[in-house]
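Descriptive analysis of the structure
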Amino acid sequence: MRQASTQNAPFSNGQSSIQAFTALFHQRLDALNLIKQLIHITKAVQRHRGMSMGLLGGNALFREDFTRLQRQIAERLNLFISFAARGHQLVPQRDQENLQSAWLTISHDWQEDSVIDNYELHCHLIEQLLALFAALAKQLEQPIAALLASGDEPTQVYATTAIYPNRFKQLEVLHFSTRLMPAVAEQIGRIRALATYTAALGYCDADYASKLRYVIQCTRVNNEKLRHQAKRMEGILEKDSPLLNQLKSYEIKLTFLLNMVEHDVLKDEKLTADSNRLFDLATDIIDMYLNSVDEGTALIERWHHDEIENWILSSS
């Protein structure tokens, strides 16, 4: 009788805590996996926008890579939807449907779209992707131990000897990796698309010149914010983010790109700028910025696995 009553007894407080920790741990792993997929989808859609505008401007050299990329984006979206379906309702069904609908609108008979519609439809989809990216990242802002702790948050630090409580250190990395970096990368992506099109076309009319000037201005302002934040991140992360040092050299490349667009694309006369060169230079910079996003996500994931030890220590 005593054995039966033990088996039917409710979980102890310790067992309940373990269950709660385990559920949160796996939910976070699912969120991190979806974040990784989203950033690669975003990178692909940004590249698709630049290539499609280059093609619409008359540069046929993008055709082969573009066709392959279009198939890959469809597969990436299908995979994301499949993972989201089992991911603790992390991505609302409506958002999943909106992503699929937006991509179908872009990819169906894209050759018949006006250039400005092609551009705006891509930008709208990327805004949706980045919004989902930020929403998923928001769920990672507090370490699990902090959510489960009944008292003050433990001040166990991750990875370095810097005096940063878990929550604040995590917030800094998340803000840098999931908001600042993707935002600047997207602005450079818009410059790539507009400059690739106008260079392929051979002239830049007033509407596209206005759009380019605006996004160049936004890029300069936000990249300055990014530069200051990168310095701050170096102090927080010490040796945990080697790509931060590379960002300094890429600031020079970005300045070179912006100056090239201003001098070689934003002019009334016939353009002689090479659309492939503009596309490749911008792509190199964008890839570097998004690699830093991957690095930040990997760091958050590493810290997430450290949560097991942090939780055991804080609850013992």
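In what follows, the structure referred to is the one given above.
An account of the accompanying structure is given in this report. (Residues numbered from 1 in each chain as written. Predicted model: local features only at pLDDT ≥ 70, side-chain atom pairs only at ≥ 80, totals over all residues. Heavy atoms only, no water.)

This part takes up the overall build of the protein chain. Scanning the protein chain for helices and strands turns up ten helices and zero strands. Across the protein chain, helices and strands are ordered from the amino to the carboxyl terminus as α-α-α-α-α-α-α-α-α-α. Across the 316 residues of the protein chain, 48% fall into the buried class. Contacts in the protein chain between residues far apart in sequence, at least 24 positions, make up 82% of those at least 6 positions apart. About 15800 Å² of surface is accessible on the protein chain, with carbon and sulfur atoms providing 51% of the total. (Helix = DSSP H or I, 4+ residues; strand = E, 2+ residues; numbered from the N terminus. Buried < 20%, exposed > 50% of the residue type's maximum accessible area, 1.4 Å probe, protein only. Contact = heavy atoms within 4.5 Å. Areas by Shrake-Rupley, 256 points an atom, 1.4 Å probe, with all protein chains shown as cover.)

Look at helix H4 (residues 93-107) against helix H5 (residues 115-138): their axes get within 10 Å of each other, and the N-to-C directions meet at 155°. Classed by the angle they form, the pair H4 and H5 counts as roughly antiparallel. For H4 against H5, the interelement crossing comes out left-handed. In this structure, H4 uses Asp95, Asn98, Leu99, Ala102, Trp103, Thr105 and Ile106 to contact H5, whose residues at the interface are Leu121, His122, Leu125, Gln128, Leu129 and Leu132. (Axes fitted to C-alpha atoms, helices over the stretch in contact; angles between N-to-C directions. Parallel < 35°, antiparallel > 145°, perpendicular 65-115°, else oblique. Left-handed = near helix turned anticlockwise from the far one by under 90°.)

Attention now goes to the packing of aromatic side chains. Scanning the entire structure with this criterion turns up four aromatic pairs. On the numbers, 4.7 Å between centres and 55° between planes, the contact of phenylalanine 66 with tryptophan 110 is tilted. A residue pair is termed long-range when its members are at least 10 positions apart, and phenylalanine 66 in helix H3 (residues 63-85) and tryptophan 110 in the loop between H4 and H5 qualify at 44 residues. Judged on exposure class, the residue phenylalanine 66 and its partner tryptophan 110 are both buried. Ring centres of tyrosine 197 and tyrosine 208 lie 5.2 Å apart, and the angle between their planes is 50°; this geometry places the pair in the tilted category. Of the two residues, tyrosine 197 sits in helix H7 (residues 166-201) while tyrosine 208 sits in helix H8 (residues 206-237), which places them eleven residues apart along the sequence. Overall, the relative accessible area of 9% leaves tyrosine 197 in the buried class. The ring centre of phenylalanine 279 lies 5.1 Å from the NZ or CZ of arginine 192, which sits over that ring. (Phe/Tyr/Trp six-rings, centres within 6.5 Å; stacked < 30°, edge-to-face > 60°. Lys NZ or Arg CZ within 6 Å of the ring centre and 35° of its normal.)

Right, let's get into the pattern of salt bridges. Side-chain pairs of opposite charge can arise whenever the charged atoms involved come near each other. Counted by the stated rule, this structure contains 14 salt bridges. A salt bridge links arginine 68 to aspartate 65; its shortest N-O distance comes to 2.9 Å. One end of the pair, arginine 68, and the other, aspartate 65, are both in helix H3, three residues apart, so they sit about a helical turn from each other. The closest approach of N and O atoms between arginine 232 and glutamate 172, which form a salt bridge, is 2.3 Å. Here arginine 232 is found in helix H8, whereas its partner glutamate 172 is found in helix H7, with 60 residues between them in sequence. Residue class for glutamate 172 comes out buried when judged on its relative accessible area of 14%. (Salt bridge = Lys/Arg side-chain N within 4 Å of Asp/Glu carboxyl O.)

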